[in-house]
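Chain by chain, the residues:
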Amino acid sequence: MFPPTVSLIAEDQPPEMRPACVLVFNANDPSGAGGIAGDVTAIASVGAHALPILTGAYARDTAEIFDHFSLDEDAVAEQARAVLEDVPVQVIKVGFAGSPENLSAIAGIAADYADVPLVAYMPDLSWWDEVQIDLYLDAFKELILPQATVLVGNHSTLWRWLLPDWTTERSPGARDLARAAHELGVPYTLVTGIPLPDQFIDNVLASPQAVLANEKFERFEAVFSGAGDTLSAALAALLASGDDLSEAFTEALSYLDRCLAGGFRPGMGHVVPDRLFWAQPGDDPDAEIDQTSSSSISTLELPPHDTKH
């Protein structure tokens, strides 16, 4: 019988040898492109353990989102509090919560664990009803951002959300977005997909004062679903495992790049990141990652989130 042996090993294992735990809030994505499935796979792939809290479910395929069904906020809170009473967590990641009410429940839980860093990811919500988008974004600003340690989002998504009245001819840079996020309580902002010449894109970690690190990649021709969930989940897992913020930034982007390079099209829609590229037959886990990078080498200590009023 295996269970007694497994139990004995688990009891004898010192805490420092156990995988770090990430509490992650997200919706179910039945296509497997992103959502809670993407979070769990990415977190496990980089060596941490996911504690998945379901906030709702998409009705979608690999090409588009048709609808979303949100869970009741009490159901979200009960899931999280049950596991938090049992398992210590090193990082909290907030993906798509589905409703302002769920954001309120998550904010209440995060406030009770203010010493735990919080990674907040803002996905593209253009598929949703405009009124629902506005209500959700307002709630995210008011409830989640004051507690977030790192905000992650695509350049165009963050621009439309954080700087809607931007009138300068040049597009806002990562520091502009970081300053806007900082006014809402966020110390660090990770901006992805900043257009560069010659089919390159930049991904930048910034504070209001400086660009702290950046990684440039050549643009893929394919259209992907789930890249943002993959990156933010990997970042959260690496932070939970003890990487400082600059290391986690670089490693998470390198991991995403390999996921996208090995991406596959399971249906008739978009390409899905292969988060288990390293497990494929014939793959060399020690292969060099082809990329052009210029990242900061300074160590960034990760502060816990604190509610700022």
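Placed above this text is the structure.
Residues numbered from 1 in each chain as written. Predicted model: local features only at pLDDT ≥ 70, side-chain atom pairs only at ≥ 80, totals over all residues. Heavy atoms only, no water.

Novice: So, the overall build of the protein: which residues are in play, and what are the values?
Specialist: What the protein contains, in helices and strands, is nine helices and 10 strands. Buried residues in the protein amount to 49% of all 309 residues. By sequence separation, contacts in the protein at least 24 residues apart represent 70% of the contacts at least 6 residues apart. When the accessible surface of the protein is split by element, carbon and sulfur atoms take 53% of a total near 14700 Å². (Helix = DSSP H or I, 4+ residues; strand = E, 2+ residues; numbered from the N terminus. Buried < 20%, exposed > 50% of the residue type's maximum accessible area, 1.4 Å probe, protein only. Contact = heavy atoms within 4.5 Å. Areas by Shrake-Rupley, 256 points an atom, 1.4 Å probe, with all protein chains shown as cover.)

Novice: Which residues make up helix α3 (residues 73-84), and what values do they have?
Specialist: Helix length check: α3, at 12 residues, gives a terminal C-alpha distance of 16 Å against a target of 16 Å (1.5 Å per residue), a fit within 8%. In the core, the buried residues of α3 are packed alongside β1 (21-28), β2 (49-60) and α4 (100-112). Of the residues flanking the start of α3, the one acting as N-cap is D72, its side-chain oxygen 2.8 Å from the backbone nitrogen of D74. (Expected span 1.5 Å × (residues − 1). Polar contact = N/O pair within 3.5 Å; in protein donor to acceptor, adjacent residues only side chain to side chain.)

Novice: Lay out the environment of A178 in plain terms, naming residues and giving numbers.
Specialist: Mapped onto the fold, A178 is located in helix α7 (residues 174-182). Linking A178 and L205, residues 27 residues apart in sequence, is a C-alpha distance of 8.7 Å. Excluding residues that lie within four positions of it along the chain, A178 makes contacts with T189, A206, S207 and P208.

Novice: Now, about the side chain of H68: what can you tell me, with residues and values included?
Specialist: Looking at the element boundaries, H68 is found in strand β3 (residues 65-70). Among all residues touching H68, those that are not within four sequence positions of it are A27, G56, A57, Y58, F96, G98 and W127.

Novice: Describe helix α2 (residues 35-45), and please don't skip the residues or the numbers.
Specialist: All of the buried residues in α2 are G35, I36, G38, D39, A42, I43 and S45. Packed against the buried residues of α2 are β1, β2, β4 (91-94), α8 (227-240) and α9 (245-261). Positioned one or two residues after α2, G47 has a phi angle of 100°, which is positive.

Novice: Please provide a residue-by-residue account of the pairing of β3, values included.
Specialist: The sheet contact formed by β2 and β3 spans five bridges and is antiparallel. In the strand pairing of β3, R60 is matched with I65. Between β2 and the antiparallel strand that follows it, β3, lie four residues. (Pairing = 2+ DSSP bridges.)

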